[in-house]
Amino acid sequence: MTAPSKFDLERVPRHIAIIMDGNGRWAQRRNRPRLYGHKVGVETVQEIVECAREWGVKVLTLYAFSTENWKRPEEEVGGLMSLLKAYLLSELSKMLKNSIRLTCIGNIEKLPGDVRSVLQTTMAETAGNEGLVLNLALSYGGRLELIQAVKKIAARVQDNTLDIDDIDEELIADNLYTASLPYPEPDLLIRTGGEARLSNFLLWQASYAEICFTDIMWPEFRRDAFASAISDFQNRERRYGKTSAQIKSR
Ligand code: FPP
């Protein structure tokens, strides 16, 4: 695969996070069951992971299943779990060959035992890989993540191992699921499927992310669309609260 001419390979976002939305609607518009959309969505996952690896992205976080998704019909939840398990089993050899490290964020205790077991095996087998970190958000919710962090910090205050005045941004970040990622905060957050909201995704970590909302449904979000999102990112100025002149004089 050659480098796309659309963007500068030297300034690729280090961490890209994606809300993969639109599988169900894409399938229903074709008079197919929602699960068919998720199946084609897995093919998009394969293509996007491959692009991210080739273009030098360091961390790719994919919102594969939210805490709210448990409320979907049992058949759809079961279908998504089966797809996830099949994906992990079929991709392991590719991950090893391409030095991809699999990690996950979320309340994975809630996942069915067989899926959790394949997930843990895949993470263990790829733990030594030094290329792209493929970080799956599974049974993930930003609010739950913050509640868990607050509880851990409060317990330390309660047993007097932490002074309340020492609670700062770094301490909170250190208690989030993303603490051990090489780049815990996404530079670019993409949402496919035409909606413009965060849906409880990386609420703390996305504070300074550039956000790209696209109408393209996830099954059709392929290489060119991904390259366009990166190109769009590169045309923005990240000011972090400063003025444009301050940024330019750096
Ligand atoms: C949102 O589309 C998508 C999901 C809830 C699941 C995403 C899952 C996959 C792409 C496949 C499995 C993942 C991996 C990593 C192998 P939606 O169903 O909410 O679409 P809609 O808004 O059109 O209903």
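The rules behind the values
- Residues numbered from 1 in each chain as written.
- Predicted model: local features only at pLDDT ≥ 70, side-chain atom pairs only at ≥ 80, totals over all residues.
- Heavy atoms only, no water.
- Helix = DSSP H or I, 4+ residues; strand = E, 2+ residues; numbered from the N terminus.
- Buried < 20%, exposed > 50% of the residue type's maximum accessible area, 1.4 Å probe, protein only.
- Pairing = 2+ DSSP bridges.
- Axes fitted to C-alpha atoms, helices over the stretch in contact; angles between N-to-C directions.
- Contact = heavy atoms within 4.5 Å.
- Expected span 1.5 Å × (residues − 1).
- Bend = angle between axes of the 7 residues up to and from the residue.

**Details of unusual backbone geometry**
Notably, Ser-99 is not glycine yet its phi reads approximately 55°, a positive angle. Here Ser-99 is to be found in the loop between α3 (74-97) and β3 (101-105). Unusually for a residue other than glycine, Asn-200 sits at a positive phi of about 65°. The exposure class assigned to Asn-200 is buried, which follows from its relative accessible area of 15%.

**What about the sheet that holds strand β2 (residues 59-66)?**
If you walk across this open sheet you meet the 6 strands as β3-β4-β2-β1-β5-β6, and the pairing is parallel. Sheet topology places β3 and β6 (210-213) at the edges, where each strand pairs with a single neighbour. Strand-to-strand twist of the sheet, defined as the mean angle between neighbouring strand axes without regard to direction, takes the value 20°. Strand direction decides the pairing type here: strand β1 (residues 15-19) and β2, joined by 5 bridges, are parallel. Of the residues in β2, the one forming a bridge with Ile-19 is Tyr-63. The strands that helix α4 (residues 113-126) touches are β3 and β4 (133-140); relative to β3, the one it contacts most, it runs at about 135°.

**As for α3**
Over its 24 residues, α3 runs 35 Å from end to end, which matches the ideal 34 Å to within 8%, given 1.5 Å per residue. Where α3 bends most, at Glu-91, the angle is about 45°. Taken as a whole, α3 has its buried residues at Glu-76, Val-77, Gly-79, Leu-80, Met-81, Leu-83, Leu-84, Tyr-87, Leu-88, Glu-91, Leu-92 and Met-95. In this structure, the buried side of α3 is in contact with α2 (34-55), β2, β3, α4 and β4. Backbone geometry just after α3 places Ser-99 at a positive phi near 55°.

On their own, these measurements won't tell you what the molecule is for.
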